[in-house]
Amino acid sequence: MASLPFSATSFHSTFIGFNYKARNPDFFFIRNGSSFAFSRRKFSVKSVASDQKQDLKDEAQITEGASLDTFVPDSASIASSIKYHAEFTPSFSPDHFKLPKAFYATAESVRDSLIINWNATYDYYEKNNVKQAYYLSMEFLQGRALLNAIGNLELTGAYAEALKKLGHNLEDIAREEPDAALGNGGLGRLASCFLDSLATLNYPAWGYGLRYKYGLFKQYITKDGQEEVAESWLEMGNPWELVRNDVSYPVKFYGEVVSSPEGVKEWVGGEDITAVAYDVPIPGYKTKTTINLRLWSTKVAPEKFDLSAYNAGDHAKAYSAMKNAEKICYILYPGDESLEGKTLRLKQQYTLCSASLQDIIARYERRSGESVTWENLPDKVAVQMNDTHPTLCIPELIRILIDVKGLSWEQAWNITQRTVAYTNHTVLPEALEKWSLELMQELLPRHVEIIRMIDEELIQTIIDEYGTEDLDLLQEKLKQMRILDNIELPESVADLFVKPEKSSVEPIVEAVESTEEDDVSDEETEATAGEDQLEEEEDVEEESEVPLPPVIEPSPKLPKMVRMANLCVAGGHAVNGVAEIHSEIVKNEVFNDFYQLWPEKFQNKTNGVTPRRWIRFCNPDLSKIITKWTGSEDWVVNTENLAKLRKFADNEDLQSEWREAKRRNKVKVASFLREKTGYIVNPDSMFDVQIKRIHEYKRQLLNILGIVYRYKKMKEMSHEERTENFVPRVCIFGGKAFATYVQAKRIVKFITDVGNTVNHDPEIGDLLKVVFVPDYNVSVAEILIPGSELSQHISTAGMEASGTSNMKFAMNGCILIGTLDGANVEIRQEVGEDNFFLFGAEAHEIAGLRKERAEGKFVPDPRFEEVKAYVRSGVFGPYNYDELMGSLEGNEGYGRADYFLVGKDFPGYIECQDEVDEAYRDQKRWTKMMILNTAGSYKFSSDRTIREYARDIWGIDPVVLP
């Protein structure tokens, strides 16, 4: 396409108010007597004028404070804005206006309106000194931003028309945007849904994270399975972010702690880096509120570059300080098998906590003015830790308050406990982080001192609660609840558990006075005394047989660790699980001792997902149907209205419209699969989907073994029998296995091998297809979920905290097959038991089943043995699957004994899949089930979740901008 037909000079005078004025700081803010007035969320702009006189006239109208609603941007003004950015903020040569350049110019155009609203929001919060929530997370899985932003701004139609005038299609432009590589799975996607809901509901809040240059990794599927390469999402820059070079904070590692004569602690020496802020505006839906996601990038000052070493040829030494700083934000979750990997992860976590808290404290001081009252910090600041990764917020906040602001320990500890709260996302022991005390002592010496003080506070609280009469009970409580694991007790309480030394007993013989009434001879006195001495010696012998108090001593064979989850519970005022069943497990198992001590701290906050991204924007066909049958678009922000669909579930017109919309989405999925994998699938088949992080507890292995069993049975039948007995299926997988998680990568390899065999089997044809979608991310999910008909959420019961993909599928009218785990329990309650395919052991049975297995009492189902033998027969290629199949065998040992109970649940799973086939054959019944799944998903909006956090944990109220 030729370059755009306009000159920079003429355009600069033509485009007034939309972009040029957005660069004037006074233009951003709501001020009395300013040159610009805001009304709701529209920014002021008129259609592009035909000449400069009209431009100046429009500008005059704007500066007179006309209502913004009068100046709703139209396609012509938007086209001019896009042209402006193509000319004046280019990342590409001026010769052409092809898709990549068009995307960046379009995104920068949208960003202008976001900046206006962002500044208005920020300014209003500052002036009114509102209480604000700060959400700290190592992950924010944002996905693409363009369609979401213009959808929230209600400008989708205007942008589509503007781009059409410029020779492009909005959908093509949107596909040019790479997914932001800032997360991996449900943890990060939840955080992003929360930001969307916070903005939409007008809650004052910010998110804090790290700006990963290379993300987790980009996944390729080859003949050897999964291969990882670095993400390239920042290769051409990020048009949504705004670097804040004036917002940076020092972050220190290593060094030592010194004390002044007055006892004031100072952390000195060591390695110093700088965290620099990058801001990403997050717009709300149909509101001017635009909140902020602040991401930290790390660097060092230029003088740290060793020029003399460089000129001497020692280039590695010359830039070692720069690389050590920059690599902190290279990769999400670097491999931690090595000491270097562990050190890097701990540096990441501390960087997030330190930079964010310094920023929060600076904002609190600025808003407080000349009189800063630190006791009021919890009245203005709420810090939410998304899992244990930001745990260092607790000692870091205490460090700032004591060492920098001069508060006492008692003040700092009280303020911290009232400010910080913790969300638990897992019951897996390996995910409840523990850090080596030795590593933490070396990297963060001041924080270890503070953690020891917190540990001592906790110990004293436990002693106050349980007393010292039952030392066995006290020892057990301390063993389970202490923050410091396998570490000596502080001196203040160690004496309670000291084993008494054996000592000789010196009997005391009291003199016996003779009286007239008690006339005893000397001989009698000596005899009596001798008898008393014998009795005392016997008593001493009897007492020495009583068990001595327990002795708490560290084991030299075990590492000394810091238990981060325990620190979270002790250091915060609230602990929440993320589904009803998960929260019960948290209270009754994971943190039961803490729950007994502080029952008021523990809450449930079932996860949710934003209906804007996950229905309204990704599934426009279904959205139109919902709007028609519920009577308005109000369901987009009040999902309770989805429940209105229940009364129409049997309506033939609705069912017909629903099936048509589903098939259109399936056609899109089929096209996408062909593009990404080369496989051709029939959209008239059932689309059966499992897309999530690859992990043994999520049991993709159970799914693929069920497919293998299905394939084997098909092969044993004639063509007519196969057609009669099986519903055609396309089984779709997606997800990344962590780079060092060998077993998960074996599962990926196994799925792709099965797909390669099945998909090329002419006898099977369209009856069964198995497709692994490479590099699963948010944008892939936005295509697959609307076209899905069956979704698998089949984790071992009690191991999935909540899950959020199950909610997205249900919202889009997809039926779930799953266990009673995580949010499945609540989804099943809301959509109806008849509209959820249930199988598997329940959470309360798991421990007993594992014990049964360890005792050699488990007898596998013959069908399970049959399918394993079939895999080992080599039908799926030459790869040796003994390690994978071996993990399902034996009764004990690491990587053995089927810890995740695949064999136990296999019979129930394949029988449940037969029920799925039966239901799918009755399309009227199946369509009703789909409608009832969408209707029942109303409860699982992140809007509902955020309202509960705001009310019960953060204590913040909506703040609507004027």
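Residues numbered from 1 in each chain as written. Predicted model: local features only at pLDDT ≥ 70, side-chain atom pairs only at ≥ 80, totals over all residues. Heavy atoms only, no water.

It is worth spelling out helix 35 (residues 862-872) at this point. What helix 35 keeps buried is the set Phe864, Val867, Lys868, Tyr870 and Val871. The arc that holds every buried residue of helix 35, seen down its axis, measures 160°, which confines them to one face. Those residues of helix 35 hidden inside the fold are in contact with helix 28 (700-715), helix 30 (742-758), helix 36 (882-886) and helix 37 (902-921). Structurally, the start of helix 35 carries an N-cap: the backbone nitrogen of Arg863 is 2.8 Å from a side-chain oxygen of Asp861. (Buried < 20%, exposed > 50% of the residue type's maximum accessible area, 1.4 Å probe, protein only. Helix = DSSP H or I, 4+ residues; strand = E, 2+ residues; numbered from the N terminus. Arc of directions from axis to C-beta. Contact = heavy atoms within 4.5 Å. Polar contact = N/O pair within 3.5 Å; in protein donor to acceptor, adjacent residues only side chain to side chain.)

What follows is about the sheet that holds strand 14 (residues 561-563). What holds strands together in a sheet is hydrogen bonding between their backbones, with the strands either parallel or antiparallel. Read across the sheet, three strands follow the order 12-14-13 without closing on themselves; strand pairing throughout is antiparallel. Either end of the sheet is taken by a strand with one partner, and the two such strands are strand 12 (434-436) and strand 13 (484-485). Relative to strand 14, strand 12 runs antiparallel, the two sharing three bridges. Of the residues in strand 14, the one forming a bridge with Trp435 is Val562. (Pairing = 2+ DSSP bridges.)

Another point: the pattern of salt bridges. Taken as a whole, this structure holds 68 salt bridges when the rule is applied. Across the pair Asp359 and Arg363 runs a salt bridge whose closest N-O atoms are separated by 2.9 Å. Of this pair, Asp359 and Arg363 are both found in helix 13 (residues 339-368), four residues apart, which corresponds to roughly one turn of the helix. In this pair, the class of Asp359 matches that of Arg363, namely buried. Overlapping salt bridges, with partners in common, bring together Arg244, Asp279, Arg294, Asp359 and Arg363 in one network. (Salt bridge = Lys/Arg side-chain N within 4 Å of Asp/Glu carboxyl O.)

Residue pairs spaced three or four apart in an α-helix point in one direction, given the helix's 3.6 residues per turn. Across its 30 residues, helix 13 extends 43 Å between first and last C-alpha, which sits within 8% of the 44 Å expected from 1.5 Å per residue. Among the 30 residues of helix 13, 23 are classified as buried, and the element is accordingly described as predominantly covered. Just downstream of helix 13, Gly369 is the residue with a positive phi angle, here 75°. (Expected span 1.5 Å × (residues − 1).)

Counted under the stated rule, the structure contains 36 aromatic pairs. Ring geometry for Tyr899 versus Phe900: centroids 5.1 Å apart, planes at 85°, classification edge-to-face. In this structure Tyr899 comes out as partly exposed when scored by relative accessible area, which is 44%. Chaining the aromatic ring pairs together yields one cluster made of Trp118, Tyr122, Tyr134, Trp206, Tyr208, Tyr249 and Trp296. The aromatic ring of Phe687 is capped on one face by Lys666, whose charged end is 5.0 Å from the ring centroid. (Phe/Tyr/Trp six-rings, centres within 6.5 Å; stacked < 30°, edge-to-face > 60°. Lys NZ or Arg CZ within 6 Å of the ring centre and 35° of its normal.)

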